[in-house]
Amino acid sequence: LIPVVGGAMATAWSEWDTTRRFERVEEAVSQLGKIVEATGIQPDRLGEAEMHLLEDGLNRISREHRKRKRAAFVRLIASCWLHPEISFEERQAFLRALDEFDDIHIRALLFLRDHAEKDFPKYEQIADDLFGKDSIKTEERDSILVPAMQQLTAGFGFVERAYQFASRSGGAIIPGPTFSPE
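On a predicted model such as this, the values are computed, not experimentally measured, just so you know.

**With respect to the overall build of the chain**
Each helix and strand in the chain was counted, giving seven helices and two strands. The burial tally for the chain puts 35% of its 182 residues in the buried class. In the chain, the proportion of contacts linking residues at least 24 apart, taken out of those at least 6 apart, comes to 60%.

Rendered as structure tokens:
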């Protein structure tokens, strides 16, 4: 009984998985086509590096279950195509980063982008904005945000911690050298 049922289940899952992945890639290519038209990207002028980034991005899209994140991958692929002056390795690192990031990472980066011009926010400001002041226990909040900020800092170098020695107040978070507005 198990070999018969197991085989049927494996076949059903394989067909479902293949169809689902294909639909995700198809949707992404359609979205990318709209961006290409809107931005004037000339696909016939894209090089091998850009095609590799497309392949890598579509592979990641095919596995991603969140529609919002799939759309972010599409925008990132287009951004990679629009900026061939950025090294291939750096553009590929952004694809890897997006693959690893959760919503909290993206929200933190957006907060930092929005505040980078005005000031360098402290950890508490970021936490209050992302979670709401006093909305959850500090320990719970920190168990989510601290690892996310560490990954943004040490894992990818997207943010840095700045210390203000003159005022003896530290902990400002600033965009790092590899921070991208995308």
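**So, the nonpolar core**
Core analysis: the largest hydrophobic core is formed by 39 residues, its most contacted members being Leu 32, Trp 81, Leu 145, Met 149, Leu 152 and Phe 158. Counting residues per element, this core draws most heavily on helix H3 (residues 67-82), which supplies eight residues. Beyond its immediate sequence surroundings of up to four residues, Trp 81 is in contact with Leu 32, Val 36, Ile 41, Leu 46, Glu 50, Met 51 and Leu 54.

**Focus: the side chain of Arg 141**
Among the secondary structure elements, Arg 141 is positioned in helix H7 (residues 138-155). Contact partners of Arg 141, with chain neighbours within four places excluded, come to Tyr 123, Glu 124, Ala 127, Asp 128, Phe 131 and Ile 136.

Criteria and cut-off values
In every chain, residue numbers begin from 1 and rise along the written sequence. For a predicted model such as this one, the threshold for reporting local features is a pLDDT of at least 70, and the threshold for listing and counting side-chain atom pairs is 80 or more; totals across whole chains, interfaces and linings nevertheless cover every residue. Calculated side-chain values reflect all of the structure's heavy atoms, with hydrogen atoms and water omitted. Helix and strand assignments come from DSSP, with helices taken as H or I runs of at least 4 residues and strands as E runs of at least 2, each series counted from the N terminus. Throughout, exposure labels follow a simple rule: accessible area from a 1.4 Å probe, protein chains only, divided by the maximum for the residue type, with under 20% read as buried, over 50% as exposed, and the rest as partly exposed. Contacts are residue-level and defined by heavy atoms, with any inter-residue pair within 4.5 Å sufficient. Nine residue types can take part in a nonpolar core, namely buried Ala, Val, Leu, Ile, Met, Phe, Trp, Tyr and Cys, and a core is a set of them joined through side-chain atoms within 4.5 Å.

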